[in-house]
Structure formats: C-alpha cells, structure tokens
There are 4 protein chains.
Amino acid sequence: TLQHIFKEIFKAGLELQENDHRKALLVSRRKKAEDTIVQVNQDSIGDGIQRLVAGPCSVESYEQTARVAESLKKHGLALLRGGAFKPRTSPYDFQGLGLEGLKILKRVADEYNLSVISEIVSPKDIETAEEYIDVIQIGARNMQNFELLKEAGKSNKPVLLKRGLAATIEEFMNAAEYIISSGNENIILCERGIRTYERATRNTLDISAVPILKQETHLPVLVDVTHSTGRRDLLLPTAKAALAIGADGIMAEVHPDPAVALSDAAQQMDLEQFDQFVEQLKKYGLHTNEK
Amino acid sequence: TLQHIFKEIFKAGLELQENDHRKALLVSRRKKAEDTIVQVNQDSIGDGIQRLVAGPCSVESYEQTARVAESLKKHGLALLRGGAFKPRTSPYDFQGLGLEGLKILKRVADEYNLSVISEIVSPKDIETAEEYIDVIQIGARNMQNFELLKEAGKSNKPVLLKRGLAATIEEFMNAAEYIISSGNENIILCERGIRTYERATRNTLDISAVPILKQETHLPVLVDVTHSTGRRDLLLPTAKAALAIGADGIMAEVHPDPAVALSDAAQQMDLEQFDQFVEQLKKYGLHTNEK
Amino acid sequence: TLQHIFKEIFKAGLELQENDHRKALLVSRRKKAEDTIVQVNQDSIGDGIQRLVAGPCSVESYEQTARVAESLKKHGLALLRGGAFKPRTSPYDFQGLGLEGLKILKRVADEYNLSVISEIVSPKDIETAEEYIDVIQIGARNMQNFELLKEAGKSNKPVLLKRGLAATIEEFMNAAEYIISSGNENIILCERGIRTYERATRNTLDISAVPILKQETHLPVLVDVTHSTGRRDLLLPTAKAALAIGADGIMAEVHPDPAVALSDAAQQMDLEQFDQFVEQLKKYGLHTNEK
Amino acid sequence: TLQHIFKEIFKAGLELQENDHRKALLVSRRKKAEDTIVQVNQDSIGDGIQRLVAGPCSVESYEQTARVAESLKKHGLALLRGGAFKPRTSPYDFQGLGLEGLKILKRVADEYNLSVISEIVSPKDIETAEEYIDVIQIGARNMQNFELLKEAGKSNKPVLLKRGLAATIEEFMNAAEYIISSGNENIILCERGIRTYERATRNTLDISAVPILKQETHLPVLVDVTHSTGRRDLLLPTAKAALAIGADGIMAEVHPDPAVALSDAAQQMDLEQFDQFVEQLKKYGLHTNEK
C-alpha cells in the first residue's frame, strides 16, 4: 500500500502537469482573461452583441446568392455565409463551384456591403481565399486537419472553426490552439452538433458546450443551428436557446428555393421563413443594424 | 426522371407509413391536439407557465429537507423533489431512506404546503407511494422497466417520466405510451441528458428534444439541468436555454450543505446559490407565486 | 501551488479509495482468483469449454419450441433459450406468452432433456420462474432494475445478466454485484452489443468487453451474436470472433420459420441456417455433446 | 391488407433505390465481385493469407526503428509501419520527425528488405512520400480530408485508409471511393475502433465492421488492435478475434522501449511481448515467411 500511495502521488503529479499544460493553452482564459473580439469589417464578433450569420449552404449562382444578400441587407444583417468548396461524403455529390463560388461571394459582398464567411478545405487555397472572403471557415470534417489549421494560423483573416463531428471540447480547444499558436488569434468557435445515437436530429446540439467554451477560452462562440439539428422546424427554438445560453451569435442556412438546392435541401429556410426567423429572434436578443 | 418520380412516390409512401404508426400513439399530438395540463395540487404543469421543481438529490433527514422546503417557500415555489428510493450504480452506495424518506417528504410537504415528487423503483411500492407523494417519478434507469410503467399507469397520481440514459426520443414516447395505455394520462416528460462520448459534462443535454417532444406529444416537458450537466456551474446557463426553448419547467437539485450530501455532492447548489439561481431565472421567464 | 499539491494528494486519496472499492467487489477477480463455474444441470458454464445457447426469440407455441429443441438435440446442444416475458419498446408489440410460455419451455425441456434460459422482467415472477426454468435471464433494459437484480440474487437459480444498452463495463460489473451481494454467485455475464452512432448494425458488438470482463471478474462471459448485430449474415463471423477471443459461450436465436416470427423476424436463423452455423463453429472450437 | 401490400411495395422501392445507389460505388463488390489484392513489393494483401503489419507508433531514431525491423525480420514479417508525420491533438505534443523520419524508414526498409507503411497528412507531401515509402497511410482524423484523399488517389502507391474516429461504415466506403475514383484502386481499409461512451478502452473495436466491409467492398481489410483498444493487455485477444472474423491482416505497435516512447507509451508492446504476440497469433492463422 505504501507503493500504492507513491503511485498515486506520481499520478497526482502527472495530473498537476496536465493542469499546467491546459493552463498554458493560448486560447485559454487563464492565459488571457478578457474576451477576444474578432473584427470582421464593421462588425465585432464577441463584443457582447449577439449576431446572425446566414446564407445558402452552397453558392450556386450570382442570382441565388444576391437574393439572399438582399434579404440579409433588408434585416440589417452584415454577415453572409456561403459554401464554395463543399466537403461532401460522396465524391459524386455536388462539390461546390470552387473559385467561381468565391468570386460570386466577393461580387455580392461588394454590391451589398456584406462580409463573407466561406469554408476552405485545402492549405493551398488559403492565400487565394484571402482575396475574396473576410472569414475563413474550417469545417467539422477538417477540425483535425492540422496542416490546414496551421496554414489558417498564418493568415491575416479571422478563422471560424467548427467543432468536429465527434470531437470532445478539449480536442476542439486544441484544434483552435493550432491556429493561435501559428500566429492568428482571430478565432471564432462554432458548436454545430455532435454525433450521437439519436436519430431524430441530424446531430445532437451540445448546447452546454457554449458556456463551457466561454468559460475555458476567451474566444467568441457561435451556434450553427442548421447543421446541429438538420431540421427546419428546429432552427428557431434552438436559436432561442443559443441566444439565452450566451452564444455570441447564430449561424443558419437560407436559400431562395430550398427545394432545388444542390445540398442540404431539407434543412434550409426559404426567404419568407427567414423573415419570421429574424423577427422572432430579435425578441430574444438578436442584434441587427436595422433602424 | 421518371425513375426519380417513382422514387419520390416510394419515399412518400414510406413516410406515410411511419406517420400512420406514430399517429396511433395515445401520447401523440395527432391523437390529441391540445396540450395536456397536469394538475399537481394547486399547480398546473404544462399550462404555458414555466415552473421550477427543486430539492435535494436524496432525502437525508427531516432538518435537511425542511431547510430546502423553507427556501422554496421563500421564493414562492411549490414543487419539492427529493429521493427516498435511490437507484445507485453500486450496491454499496447510499440507497436512500426508503419509506422513512417518503414520510419525511410528506411531513415537510404538509408543513410548508408543497407538492412532492419522488422516485419509485418497484411496482409494489406504487400503492404505498400514493399515500405520501404527489407525483411519482420514474427514473432514467427504469425508463424501460415496463412492469413499473404499467403499474404507474394504473395509479391516480401524475407520473414524471425521465428519459433513459441512452433512449431515443421514439423509445421515450413509447415508454410514456405504456403509462397512458394503462390508464394514466397525467404524464410529465423530463429530458435529463443522454450518454455520449463527451466527458466535459456528466451527460449531454439534448436541448432539441424539448421542441421535438412538444411537437410530437401533447405532454408537458421538463428539463433536469442537474443530471444532464452534472456541473453546478452549468445549471444556470442551461436552465436559461431550457426556458428559452419552451420547456414547461426546470428541475434542479439543491442541498443545504452539498459537500456532505450522501449522493451527487458535486452538482447540487447550496441555498445561497439557489437564491441566485431563482432570481436570475425569473428574468428569463420563470414563474413563481411570489408577490 | 502548495494548495494545488494538497488538492492533488486528496484526489489521489480518493482514487485510492475507489481502487479499494473496486477491489472489494465480490465479482472481482481480486476477491476470488479462480473462475466461477456455473452449473446448469449436466452442463458447466465457464469451465473452459465453449458452449452454444440457442432458441427462438419468443416462445410462440409448443410446436415451434419443440422443433427448435429437436434441432438442438440433434447437434448435441443442451441449452435452450426462449422468451416468455418480452420487454418491447412499444406496448402494442407482442409481449410474449408469459406464464404459458414458461410452461411450454418446461414441457419441451423435459421431453428433450434440455436446460432452459428465459428472461424474467418482474421481481414478483422470480419465484414462479424457478419452477419452470433453469437460468433466469435479466435483459439489457433491466440491467439497472436494481429491485429485480436483488430479487434474482435471492434465487437458487443461476442468473444470466445482459449488459445494458449503453452500460459501461463498470456499471455492468456493479449490476452483477447487486446479484452476488444478495447471495447468488451463479452469474453468467452476457455482452450483447452497445448503442453507438453506427447504423449498419443494430448495436455495436463490443468484442473487447469479453477479455476485460474475464480479467476483471471471475464470472463466465457469453456473447449474444443476435442482438449485438441484428443481422443474420453476421451471426457466424461474430460468433467465430467471440470464440477466438475467449468467450465461454455464444447465444443465438433460431426459429423454424423466421419470416412469421412474432419478434425479431429479421435476425433469427432458420433451422437449416442453424445447422450450418453449428457445423462451422465446431471447427472454431465450439463444444457439443455429439458423439 | 391492400394498404399493407402498397406499403410493402413502397418499402421494396426504397430498398431498391438504396441498392442502386450503393451499386454505383467503384469500391463496391457489386461493381467488382472478385477480391482486390494489393501488391506491396513481395507481399500481397487480400489474397486470403492473414498478415501482420507492425512497428513503432513514431519513428524516433534509426536505432529504434532498426531494432523493431530486426524483430520483424526474425519472425518472417515484411511489413513495417512507423509514423513520421504525426497528427497530434495538441500542437505541443511531439509531431514526428517528418521527412527525416521517412528517410530513416527508407534506410531501415532497404537494410532489412521490408516494405514500409507511413502516414501522410498533407496533399503536398504525397509526391515526396512516394520516394520513401511503399504504402501511404491516411489516418483516422483525415478520413474525410477529401483533398488528401484525391491526391492519394492520383498516386501510384497503395493507400491504407483508416476509418474515421466516428465514421459510419458508409462514410468509410465513400472516403475510399474518393481514392478509387481518382484513379487508384490499390486501397487497404483499416478498422481502428470507433468513439463511443465506453471508457474502459480508448476506442471501441467495431469487429463486425470487418465482415461488413468484406461483403460490401472488394477491398482488403485490416484491424488495428493498438488504436482500437489503447491497451497492451487487449492486443492479443482482439488480434485473435480479428483473424477469426476474417480480417486480411492485423496492425499493431511495437517499440524497443515503450516507457520512453514519444507517443502512445501506454499501448505499445516491447520486443519480448511482441515475440509472444507473434508466436501466439501463428496458432490462430497468422502467416509469416518463416521457414
């Protein structure tokens, strides 16, 4: 039993070390007490004002994207999301318009004075992306694509990092650490649901991850209500919950005609539903620039 | 495209089938469109007013229980929870005071004019329980203890049914169906977190289960913030989220001295924390009978 | 940091205690080094000989059961399983023949000189069951129905305890501890798959649970290949794996006409498939009493 | 009953649809009935002979790697694994020797006449890797790094693709489809455990994935017993199970001095344990070139 006690002291020592280790993370609030505010053109993410990021799952055409942009503008929203490079389970599914998509996003952003968030999937595309978009998104499937994280860490653009499909919160923070330790501290975390046994929703929204991430890190935290639920009818209630629990913003997908969308048809709102979505959320604290 | 149309017809057929099956459930909203309101003495659960059910994990003594009751009373809360029969992973852990615990609950409830919710674990105890408590709780581990469900279905007391540790929403509704089809339609559902790979919380609160259950069934839905998170620091934020998403109430554990609690020491609030918890939640819509 | 070190020592102390606690479990190999051999009439489970337990999911009639018994007999197998009390997700699904089913099992067992294993779901039925069956099965949904475990612990019949749908190995061992600490050490553990996100199989067979349980406890361990996979085409390969990894036996479902079975139609073998199953497994170490 | 017949037709239609979809995959056995045999220098993977791939988690030095190579040679084993680019959860953990590691592997492989398998994590490194290694490994975290998959699909080297941490079998097959549809059909699949709630093992070995993948695809399937269990004491029993269920080979980690290993210290075998491991597995069907 003496041996046992020694073992336990060693173990305790090890845990102490781990503690220290965690303390050492640059994304940790122990390292930096005050909130990081990520500036995206005229908007600040993480400044206590709760914002909405919205747009189509995939950029399909200038017209489609412009119609969504118009709707955002109408509501006083300034953050447009849209996929140009689409990581898809099957190689035979629509893979996005690629560079063409980024160009459409840029044109629309300029015309409507919006900021653009779009996913980049390859380290070599980071540099190009910087010309066209305002925030580089790293998607759930690439959360532990460390080469991509390091490359994004060298960018001068903010990075929106999505939690991996089955990533623990600790792994998620470490993924962000890859970015910050490469030099980029403008990181926005995004909870987007985790994979569980439950089949009523596409993923299970881990709502308690929001206050945990807010406590443990100094980074802003968004909630993607579209991918976490995969159900149009759950977008509004989960968005309310996300605002109430203290998320810095919501992400949601909207498409002028979801039925013909080239991806995620079942879960995008149409423009009318989006109007109601925004109107409702304003009562729950959502900020818009509307007068 | 002809092939495509056929495919769509097939798909629609399948959905129809599923629809039919689900429609048949007595707990389903398709069977009964209006909300079921469960009357618990002077309080109504499910009437659109959001309530708080609180109390110690285990009833340990008259004094401990009375102190909590006093705190509830002070805040205008009328629903006291407390465990007398405790289902514990290990046979060597404290198993609750049993009948003695029910008697303490009854005495305290009478003195403070509260209603009492307590877990029953054995079909043979249902009858006895009716003399002492107002709502029979069926715990997560017994969600598919069908003999217990059927017996509770024959009771004239309301039943609070907790979701199983790894139960799907469909299984949860079917468990409630065992109760309702045995004759008791006074059922309150309770989301209490599901088992996932994530270790930052004791369970993962499946917040989107609340709107799904509200849509699919006509039964009131509570959220147990204590067991879903297992962390005192997450009780308040998750309770806010639960209120925002439309839960009919919150369940939480409070103990006069959590450090010496015989179960769940790490996650119960003390009385001071509870005061703050209630005050905060009132701003988010929590109803109390306080003047 | 001194404070920290103290904390860690306390924590270490706590862990030590837990260690001791685990050591204290009566099912633990630290408590009893040699294997427990469970005698079921003429057969010994856990004696190093790998056996097969087979039979229909539900007992439906004398004829159906007798035809399976005949097949077992032909192969020199002595352990018949069959469900009389069926815990079903929906109250509207076939719930088993109940006592009538136990009587059929008894009659068939006597005529064919077999031992019978059947699930009991209610504490009050344990005593009755003892008249009709040789091994009391406690099913996955009831693994933490502690009242049932304690009652089974008072029985003089062996208990086959199935792992819960999402039970950890530690919870599984503690469930067995409820039985052994109530006085019954004739316990057979049964791995039957756990609930995961994967949908290709009904559950995910946790094959490594077998060597872990064999190391940690002194109890025999079976593998239920039917419920873990839910697919007829996987019964043979998973049974081979189970034998190779050192399981004390295999459980599998066989029905004279699976297509019309009242439960689990998709996963039961017919008699011909069962013949091939047994013949194949003999080459992989399965024991039969055939000459 | 008419309604019932319609329902069955709908169901059949749906299954047909699914069938069609799956049939289209190039990795599917419906597309190519006979087994794909992947030639790795003098060895064939998938030819019905069960092989062992072994080596250190990380290449740390020439001496360390050479000592393992010597051990492989002694046992008549020809397939050496070793990590040069290490994807690690934390950016502060040892990230591997990189190109230096590949050079060590090449030197050792030449000296001992072995084939080398090593993980590549960046599309840009695929070309370089071809000079040094024989099989390109794509790790679990990169299973849906589609850019990497496509690049590997253009390589003339075989690809060993590991299943993602929480990937479904269907997603796993689709990831392989990215490689094959880019032109490379020399793909070896590797089951390495999936993420579940169970904490007794690092991951849960999904043993039934092996027969499913063998049925659904024409590709060889290995089982990585080290990463699936994360426990040295489970390597041998799970390897036996993998051989019994029909895996085309086993992957395991061995290190001359695991206690000082720069990664995965707790789960690698030392050389003596490895000797026993190989000797035992030979009795269970493992092939070696030993005379």
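Starting afresh in each chain, residues are numbered from 1 along the sequence in its written order. Numbering of ligands from 1 and lettering of chains from A proceed in the order in which they are written. Predicted model: local features are reported for residues with pLDDT of at least 70 only, side-chain atom pairs are reported and counted for 80 or more only, and whole-chain, interface and lining totals are derived from all residues. Hydrogen atoms and water are omitted, and side-chain values are computed over all heavy atoms in the structure.

**What to know about the relation of the copies chain A and chain B**
Then, number 1: Fitting of the copies onto one another was done by least squares over C-alpha atoms, counting residues only where both copies have pLDDT of at least 70. Expressed as a screw operation, the relation of chain A to chain B combines 0.0 Å of axial shift with a rotation of 180°, fitting to an RMSD of 0.0 Å. One copy is carried onto the other by what is essentially a two-fold rotation axis. Relative to the rotation axis, the closest C-alpha in chain A is found at A:Ala241, a distance of 2.1 Å.
Then, number 2: Whether two residues are in contact is decided by their heavy atoms: any pair within 4.5 Å suffices. A high fraction, 100%, of the interface residues of chain A reappear at the interface in chain B, so the copies pair face to face through one surface.

**Digging into the pairing of strand β5 (residues 115–119) of chain D**
Residue and element names in this part refer to chain D.
Then, number 1: Taken across its five residues, β5 has five buried, putting it largely inside the fold.
Then, number 2: Each residue is placed in one exposure class: buried if its accessible area under a 1.4 Å probe, protein chains only, is under 20% of its type's maximum, exposed if it is over 50%, and partly exposed if it falls in between. Under the DSSP-based scheme used, a helix requires at least four consecutive residues in state H or I and a strand at least two consecutive residues in state E, with every element numbered from the N terminus. Of the two faces of β5, the one holding Ser-115, Ile-117 and Glu-119 and the one holding Val-116 and Ser-118 are both buried throughout.
Then, number 3: A pair of strands is considered paired only if DSSP assigns at least 2 bridges between the two. Bridge count for strand β4 (residues 79–81) against β5 is three bridges, and the pairing is parallel. Across the sheet, the residue bridging to Leu-79 is Ser-115, located in β5.
Then, number 4: Relative to strand β6 (residues 135–138), β5 is paired through three bridges, and the arrangement is parallel. In the strand pairing of β6, Glu-119 is matched with Gln-137.
Then, number 5: Crossover handedness is defined by viewing with both strands directed away from the observer: a clockwise path from the first strand over the helix to the second marks the crossover as right-handed. A crossover connection joins β5 to the parallel β6 through helix α4 (residues 126–132); in handedness this β-α-β unit is right-handed.

**Examining the domain arrangement of chain A**
All names here are of chain A.
Then, number 1: Domains are outlined according to an automatic or database domain assignment. In terms of domains, chain A is made up of domain 1 (1–32) and domain 2 (34–283).
Then, number 2: Computed from C-alpha coordinates alone, the two centres of domain 1 and domain 2 are separated by 35 Å.
Then, number 3: Contacts between the two partners involve eight residues from domain 1, matched on the other side by 16 residues from domain 2.
Then, number 4: Here the quantity called buried area is the accessible surface, traced with a 1.4 Å probe, that two parts lose on coming together, added over both. Buried area between domain 1 and domain 2, both sides added, is near 1100 Å², and the carbon and sulfur share of it is 50%.

**Concerning the relation of the copies chain D and chain C**
Then, number 1: Each copy of the sequence occupies a distinct position, and chain D is placed on chain C by a rotation of 180° and an axial shift of 0.0 Å, giving an RMSD of 0.0 Å.
Then, number 2: Comparing contact sets, 100% of the residues at the interface of chain D also lie at the interface in chain C, consistent with an isologous, same-surface contact.

**Details of the pairing of strand β6 (residues 135–138) of chain B**
Residue and element names in this part refer to chain B.
Then, number 1: What you see with β6 is no split at all: Val-135 and Gln-137 on one side and Ile-136 and Ile-138 on the other are buried throughout.
Then, number 2: Pairing analysis gives three bridges linking β6 to strand β7 (residues 159–162), with the strands arranged parallel. Within β7, the position partnered with Gln-137 by the bridge is Leu-160.
Then, number 3: Note on the crossover from β6 through helix α5 (residues 146–153) to β7: the handedness is right-handed.

**With respect to the packing of aromatic side chains**
Given two aromatic rings, one states the distance between the centres and the angle between the planes to describe the pair.
Residues and elements named next belong to chain D.
Then, number 1: In this scheme Phe, Tyr and Trp rings, the latter by its six-membered ring, pair at centre separations within 6.5 Å, and the angle between planes marks the pair as stacked below 30 degrees, edge-to-face above 60, and tilted otherwise. Counted under the stated rule, the structure contains eight aromatic pairs over all chains.
Then, number 2: A centroid spacing of 4.3 Å and a plane angle of 25° characterise the contact between Phe-146 and Tyr-178, whose relative ring orientation is stacked. Of the two residues, Phe-146 sits in helix α5 (residues 146–153) while Tyr-178 sits in helix α6 (residues 169–180), which places them 32 residues apart along the sequence.
Then, number 3: For Phe-146, a relative accessible area of 5% gives the class buried.

**With respect to unusual backbone geometry**
Then, number 1: The backbone phi angle of A:Asn41 is positive, close to 50°, even though this residue is not glycine.
Then, number 2: Tracing the backbone shows A:Asn41 in the loop between β1 (38–40) and β2 (43–45).
Then, number 3: The phi dihedral of D:Asp264 is positive, around 55°, even though this residue is not glycine.
Then, number 4: Within the secondary structure, D:Asp264 sits in the loop between β10 (249–253) and α10 (271–282).
Then, number 5: Its relative accessible area of 18% is what places D:Asp264 among the buried residues.

**Here we look at the side chain of B:Thr168**
Then, number 1: Mapped onto the elements, B:Thr168 comes out in the loop between β7 and α6 (169–180).
Then, number 2: Judged by its relative accessible area of 15%, B:Thr168 falls in the buried class.
Then, number 3: Pairs of N or O atoms within 3.5 Å make up the polar contacts considered here, provided that, within protein, one atom can donate a hydrogen while the other can accept it, and that residues adjacent in sequence are counted only when both atoms are side-chain atoms. Polar contacts involving the side chain of B:Thr168 include one to the main-chain amide nitrogen of B:Glu171, which spans 3.0 Å.
Then, number 4: Aside from chain neighbours lying at most four places away, what touches B:Thr168 is A:Tyr197, A:Glu198, B:Arg163 and C:Arg195.

**Some details on the interface of chain D and chain C**
Then, number 1: Tallying the contact residues gives 31 residues for chain D and 31 residues for chain C.
Then, number 2: Of the roughly 2300 Å² buried at the junction of chain D and chain C (both faces included), carbon and sulfur atoms supply 66%.
Then, number 3: In the sections that follow, a salt bridge refers to a side-chain nitrogen of Lys or Arg positioned within 4 Å of a carboxyl oxygen of Asp or Glu. Scanning the region where chain D abuts chain C turns up two salt bridges.
Then, number 4: The interface formed by chain D and chain C contains ten residue pairs in polar contact (both at pLDDT 80 or more).
Then, number 5: Contributions of two or more residues to the side of chain D that touches chain C are made by α7 (209–216) and α9 (235–245) of chain D.

**Some points on the interface of chain A and chain B**
Then, number 1: On the side of chain B, 31 residues touch chain A, which itself brings 31 residues to the contact.
Then, number 2: Contact between chain A and chain B buries roughly 2300 Å² in total, counting both sides, with carbon and sulfur atoms accounting for 66%.
Then, number 3: The largest share of the area that chain A buries against chain B comes from A:Tyr197, A:Glu198 and A:Ala244, three residues that together contribute 23% of it.
Then, number 4: Put simply, B:Glu198 and A:Arg163 hold a salt bridge, and the shortest N to O gap is 2.7 Å.

**Points about the sheet that holds strand β4 (residues 79–81) of chain B**
Residue and element names in this part refer to chain B.
Then, number 1: Read around the barrel, eight strands follow the order β3-β4-β5-β6-β7-β8-β9-β10 and close on themselves; strand pairing throughout is parallel. Across the sheet, the mean angle separating the axes of adjacent strands is 25° when strand polarity is ignored.
Then, number 2: Pairing of strand β8 (residues 187–191) with strand β9 (residues 221–224), which is carried by three bridges, proceeds in the parallel orientation. Counterpart to Glu-191 in the pairing with β9 is Val-223. Convention adopted: a line fitted to C-alpha atoms gives each axis, helices being fitted over their contacting stretch, and angles between N-to-C directions are expressed from 0 to 180 degrees.

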